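Structure at a glance
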Amino acid sequence: MLSVNQQHPEGGQQAAVNTTTLIDELEAQAGLYRLCGRLLEGEIDSPLLALLRGELREPLAEAGVITDTSFIEDSEEELLERLAQEYTGLLVAPGAAMPYASVFETGRMFQEPADRAEKAYRAAGWVFNNQLSGEFPDHVGVMLSFHAIQLQAQADACRVGDDEAAKSIEERSTGFLIEQVGSWVPGWCRMAAKASYEPFYQQLLTLVEQSLWVDLSAAVGSNEGLKKLAELNRREPPKLDYDADFRKASGL
């Protein structure tokens, strides 16, 4: 969880149109990553489920997350229980697709990637506050949410005509996307989707992976850079020889 710590008339009109289009695109991206971050950061609760089965159903379907008949018609209690079991088995329980950059890169929790992520949050004026023990700043949901915050901040700066702030935020956002998200999240999404039994999570993870590759392609701008990111995302998380009793006691 993150918390706050003169132009030619024709040229001006065209610039206004371009700015409006940019703002719309940034806000759309921010909305997508904000939702995906929330869905990966914690279990789905009753209010969120109502949104998923209601006003978000059509936009999600257009993005490739197709909710089946049971998702719509099952009782709320039954569906929430099923989704909670899937979330725990997929992202929390021992042997799950642990959603942390540290685990993906080193096989261990709360390593240098977590420090790197927290440093980026602080540089942007935000502070990571864990709500539960075992929550770390390099969780995929937190990182996607932070990317959404940056996109919205850029849109807000564009809206008030603060070009200098918009450019600074864009540079920071792009750097975070390439260096901290793009280096592992697409590959993690692919592996997690294969491990999932629930179509909703399978399609959600595929959507995140595909959306990131689209945005990374635009941000990197070179085949060589994209090839490097693709190689990083093909890595398998290191498998360390933990002592079984330690795993049981620690929950890892």
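Residues numbered from 1 in each chain as written. Predicted model: local features only at pLDDT ≥ 70, side-chain atom pairs only at ≥ 80, totals over all residues. Heavy atoms only, no water.

Digging into the pattern of salt bridges
Keep this limit in mind: Should a side-chain nitrogen of Lys or Arg be within 4 Å of a carboxyl oxygen of Asp or Glu, the pair is scored as a salt bridge. Where helices and strands are cited, they refer to DSSP runs of H or I of at least four residues and of E of at least two residues respectively, numbered from the N terminus. Only protein chains enter the calculation, and the probe is 1.4 Å; a residue is then buried if its accessible area is under 20% of its type maximum, exposed if over 50%, and partly exposed in between.
What the rule picks out here adds up to eight salt bridges. Arginine 82 serves as the salt-bridge partner of glutamate 198, at 3.1 Å between the closest nitrogen and oxygen. With glutamate 198 in the loop between helix 10 (185-195) and helix 11 (199-220) and arginine 82 in helix 5 (residues 76-92), the pair connects residues that are 116 residues apart, well separated along the chain. What makes arginine 82 partly exposed here is its relative accessible area of 25%. In this structure, arginine 159 engages aspartate 156 in a salt bridge whose closest nitrogen and oxygen atoms are separated by 3.2 Å. One end of the pair is arginine 159 and the other is aspartate 156, both in helix 8 (residues 140-159) and three residues apart, which spans about a single turn. Residue arginine 159 is classed as partly exposed on the basis of its relative accessible area of 45%.

Let's talk about a negative patch on the surface
Filter applied, for reference: Patch membership requires more than 30% relative accessible area and the absence of a salt bridge. Residues of like charge join within 9 Å; the nonpolar side chains Val, Leu, Ile, Met, Phe, Trp and Tyr join within 5 Å. Computed with the Shrake-Rupley method and a 1.4 Å probe, the accessible areas treat only the protein chains shown as cover for residues. The charge count treats Lys and Arg as positive and Asp and Glu as negative. His and the chain ends do not count. Charged side chains are reduced to one point each, which is NZ for Lys, CZ for Arg, CG for Asp and CD for Glu.
On the surface, a cluster of negative charge is contributed by Glu43, Glu76, Glu77, Glu78 and Glu81. By secondary structure assignment, the location of glutamate 76 is in helix 5.

Quick word on unusual backbone geometry
Of note in the backbone geometry, phenylalanine 110 takes a positive phi value of approximately 55 degrees without being a glycine. On the secondary structure map, phenylalanine 110 appears in the loop between helix 6 (101-106) and helix 7 (112-123).

Topic: the confidence of the model for the protein chain
Close reading of the predicted structure is inappropriate where its pLDDT is low. For clarity, the threshold we go by: Values of pLDDT, the confidence the predictor places in each residue, fall between 0 and 100. Any pair of residues with heavy atoms lying within 4.5 Å of one another is described as a contacting pair.
Of the residues in the protein chain, 87% have a pLDDT of 70 or more, and the chain-wide mean is 90. For the protein chain, the element scoring lowest by mean pLDDT is helix 13 (residues 244-250), at 39; helix 8 scores highest, at 98. The low-confidence segment residues 242-252 (pLDDT under 50) makes eight contacts with residues lying over four places distant or belonging to another chain.

Describing the environment of serine 211
Following the sequence through the fold, serine 211 ends up in helix 11. Taking the C-alpha atoms as reference points, serine 211 and proline 186, separated by 25 residues in sequence, lie 9.1 Å from one another. Ignoring any residue separated from it by four or fewer positions in sequence, one finds serine 211 in contact with Leu32 and Tyr33.

Quick word on the side chain of aspartate 215
The following threshold applies: Whenever a nitrogen or oxygen atom comes within 3.5 Å of another N or O atom, the pair is scored as a polar contact, on the condition that within protein one atom can donate a hydrogen and the other can accept it, and that pairs from neighbouring residues in sequence are kept only if both atoms are in side chains.
Topologically, aspartate 215 is positioned in helix 11. Here aspartate 215 sits buried without a salt bridge, and the closest side chain of opposite charge, arginine 34, lies 13 Å off (N-O distance). Within polar-contact distance, the side chain of aspartate 215 engages the side chain of glutamine 29 at 3.0 Å. Discounting chain neighbours no more than four positions away, the residues touching aspartate 215 are Gln29, Tyr33 and Leu177.

Side note on helix 12 (residues 223-233)
How we decide: The arc in question is the one traced by the directions running from the helix axis out to the C-beta atoms.
Turning to helix 12, its buried residues are Leu226, Leu229 and Asn233. Each buried residue of helix 12 lies within a common arc of 60 degrees when the element is viewed along its axis, so the set occupies one face. Turned more than 90 degrees off the buried face of helix 12, the exposed positions are Asn223, Glu224, Lys227 and Lys228. The inward-facing, buried residues of helix 12 contact helix 6, helix 9 (163-181), helix 10 and helix 11.

Some remarks on the packing of aromatic side chains
The criterion, for reference: For this analysis, a ring pair means two rings from Phe, Tyr or Trp (six-membered ring only for Trp) whose centres lie within 6.5 Å, classed as stacked if their planes differ by under 30 degrees, edge-to-face if by over 60, and tilted for the remaining angles.
According to the stated counting rule, one finds 10 aromatic pairs in the structure shown. Aromatic side chains phenylalanine 104 and tryptophan 184 sit 5.8 Å apart centroid to centroid with 50 degrees between the ring planes, which places their arrangement in the tilted category. A residue pair is termed long-range when its members are at least 10 positions apart, and phenylalanine 104 in helix 6 and tryptophan 184 in the loop between helix 9 and helix 10 qualify at 80 residues. There is no split in this pair, since phenylalanine 104 and tryptophan 184 are both buried. One aromatic cluster in this structure is built from Phe71, Tyr87, Phe200 and Tyr201.

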